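Structural overview
Letter by letter, the chains look like this.
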2 protein chains.
Amino acid sequence: MRRHRYLVAYDIRDPRRLRLVAKKMEDFGDRTQYSVFLCDLTRADVADMTRALLTVIDSTIDRILIVDLGSGDSDSRFEFLGRRHGLPTTGHRVL
Amino acid sequence: MRRHRYLVAYDIRDPRRLRLVAKKMEDFGDRTQYSVFLCDLTRADVADMTRALLTVIDSTIDRILIVDLGSGDSDSRFEFLGRRHGLPTTGHRVL
């Protein structure tokens, strides 16, 4: 099943929920910023991730943005300023 | 000059610099999360934004990720969980 690269950015307004979201996200991709993960996922993985996140967040306060960056080589889309952070080189790692 | 949509996410490790980065970014796009902006920019705008950000950040500590989401309709790339946040509907607003 074809994977796309996804960028997941979250605003979580409670430290406990923030830790839980970060922990869930570690199952799906690589942290590239404090509240941003990059993940190589199938549509089924995205559904699993969405379900997992919805069990943790408070949907009235928190918010999560998921951006589909497509299936092609997306490295050229990225530009970094400041301290270097890598891009994921592997696919989805758990599940 | 053709505009692309860009996602700009930043990790800034100092409250004063964080405020300055957010203020600069308001000239270029719309804040969609605490540390994430969406911007419709030409390549020249991106160069201006990069220059503006580099005057503010500490490149040894802070980091900024700029993702080119392309020139086509990018709305279908976005999925939101939790509290809704809009997408920019206009192009680059200042300069």
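Position numbers for residues start from 1 in each chain and track the written sequence from start to end. The lettering of chains begins at A and the numbering of ligands begins at 1, in the order of writing. Where totals are concerned, whole chains, interfaces and linings use all residues; where local detail is concerned, this predicted model gives features only for residues with pLDDT of at least 70, and gives and counts side-chain atom pairs only at 80 or more. Based on all heavy atoms of the structure, the side-chain values leave hydrogens and waters out of the count.

Thoughts on the pairing of strand β1 (residues 4–11) of chain B
Residue and element names in this part refer to chain B.
- Buried, partly exposed and exposed residues are distinguished by accessible area as a fraction of the type maximum, computed with a 1.4 Å probe on protein chains only: under 20%, between the cut-offs, and over 50%, respectively. Secondary structure elements are taken from DSSP: a helix is a run of H or I of four residues or more, a strand is a run of E of two residues or more, and numbering for both begins at the N terminus. Of all eight residues that make up β1, eight are buried, and the element is covered over most of its length.
- Covered by surrounding structure in β1 are His 4, Tyr 6, Val 8 and Tyr 10 together with Arg 5, Leu 7, Ala 9 and Asp 11, the residues of both alternating faces.
- Strand pairing follows a simple DSSP-based rule, namely that at least 2 bridges must link the two strands. Bridge count between β1 and strand β3 (residues 36–41): six bridges; the pairing is antiparallel. Following the sheet pairing, Leu 7 is matched in β3 by Leu 38.

Focus: the sheet that holds strand β5 (residues 78–82) of chain A
- Taken in spatial order, the five strands of this open sheet run β5(A)-β4(B)-β1(B)-β3(B)-β2(B), and their pairing is antiparallel. One side of each edge strand has no neighbouring strand; the edge strands of this open sheet are β5 of chain A together with β2 (30–33) of chain B. The sheet shows a mean angle of 25° between the axes of neighbouring strands, taken without regard to direction.
- Two elements, β2(B) and β3(B), share three bridges in a ladder whose sense is antiparallel. Each residue of the ladder has a partner; that of B:Gln33, found in β3(B), is B:Val36.
- Contacts between residues were defined by any pair of non-hydrogen atoms, one from each residue, lying within 4.5 Å. Axis definition: a line fitted to C-alpha atoms, limited for helices to the stretch in contact. Angles are taken between N-to-C directions and run from 0 to 180 degrees. In this fold helix α1 (residues 15–26) of chain B packs onto β1, β2 and β3 of chain B, with an angle of close to 170° to the strand it touches most, β1(B).
- Across the face of the sheet, helix α2 (residues 43–54) of chain B comes into contact with β5 of chain A together with β1, β3 and β4 (63–68) of chain B while running at roughly 25° to β5(A).

A closer look at the relation of the copies chain B and chain A
- Superposition record for chain B on chain A: RMSD 0.0 Å, screw rotation 180°, translation along axis 0.0 Å. Here the two chains are linked by the operation of a two-fold rotation axis. For chain B, the smallest separation between a C-alpha atom and the rotation axis is recorded for B:Leu69, amounting to 3.6 Å.
- Both copies present the same face, since 100% of the interface residues in chain B are matched by interface residues at the equivalent positions in chain A. Least-squares superposition aligns the copies on the C-alpha atoms of those residues with pLDDT at or above 70 in both.

With respect to the packing of α1(B) against α2(B)
Residue and element names in this part refer to chain B.
- Interaxial distance between α1 and α2 falls to 10 Å at its minimum, and their mutual angle equals 160°. Taken together, the axis directions place α1 and α2 in an arrangement best described as roughly antiparallel. Classified by chirality, the crossing of α2 by α1 is right-handed. Contacts from Val 21, Lys 24 and Met 25 in α1 reach Met 49, Ala 52 and Leu 53 in α2.
- Here the residues of the contact of α1 with α2 are counted per class, giving five nonpolar, no polar and one charged. Here roughly perpendicular refers to angles of 65 to 115 degrees, roughly parallel to angles under 35, roughly antiparallel to angles over 145, and oblique to all remaining angles. Crossing handedness follows the turn of the near helix against the far one: under a right angle anticlockwise gives a left-handed crossing, and clockwise gives a right-handed one. Each residue gets one of three labels, nonpolar for Ala, Val, Leu, Ile, Met, Phe, Trp, Tyr, Cys and Pro, charged for Asp, Glu, Lys and Arg, and polar for the others, Gly among them.

Quick look at the UniProt feature "binding site: Mg(2+)" (unreviewed entry) in chain A
- UniProt positions are given in the numbering used here, feature names are shortened, and annotations may be inferred rather than shown by experiment. Here the UniProt feature "binding site: Mg(2+)" (unreviewed entry) sits at A:Asp11.
- Summarising the element assignment, A:Asp11 is placed in strand β1 (residues 4–11).
- In this structure A:Asp11 comes out as buried when scored by relative accessible area, which is 7%.
- Setting aside anything within four residues of it in sequence, one finds A:Asp11 in contact with A:Asp62, A:Arg63, B:Gln33 and B:Tyr34.

Some details on the pairing of strand β4 (residues 63–68) of chain A
Residue and element names in this part refer to chain A.
- By the criterion of burial, β4 is predominantly enclosed, with six of the six residues buried.
- Two strands pair when backbone bridges link them, and β1 and β4 are joined in this way by six bridges, in the antiparallel orientation. The partner of Asp 11 across the bridge, within β4, is Arg 63.

Section: the environment of B:Leu53
- Within the fold, B:Leu53 resides in helix α2.
- Of the residues examined, B:Leu53 reaches a relative accessible area of 0% and is grouped as buried.
- Once the C-alpha coordinates of B:Leu53 and B:Arg5 are considered, the two residues, 48 residues apart in sequence, prove to be 18 Å apart.
- B:Leu53 has contacts with A:Leu81, B:Val21, B:Lys24, B:Met25 and B:Ile64, leaving out every residue within four places of it along the chain.

Some details on the packing of aromatic side chains
- Each pair of aromatic rings taken from Phe, Tyr and Trp, with Trp reduced to its six-membered ring, is defined by centres within 6.5 Å and is described as stacked if the planes are under 30 degrees apart, edge-to-face if over 60, and tilted in the remaining cases. Counting across every chain of the model gives four aromatic pairs over all chains.
- Ring centres of B:Phe78 and B:Phe80 lie 6.4 Å apart, and the angle between their planes is 10°; on these two criteria the pair is classed as stacked.
- A residue is classified by how much of its surface remains accessible, and B:Phe80, at 18% relative accessible area, is buried.
- In this scheme, Lys NZ or Arg CZ marks a charge over a ring once it lies within 6 Å of the ring centre and within 35 degrees of the ring normal. Positioned over the ring face of A:Tyr34 is A:Arg31, at 5.4 Å from the centre of the ring.

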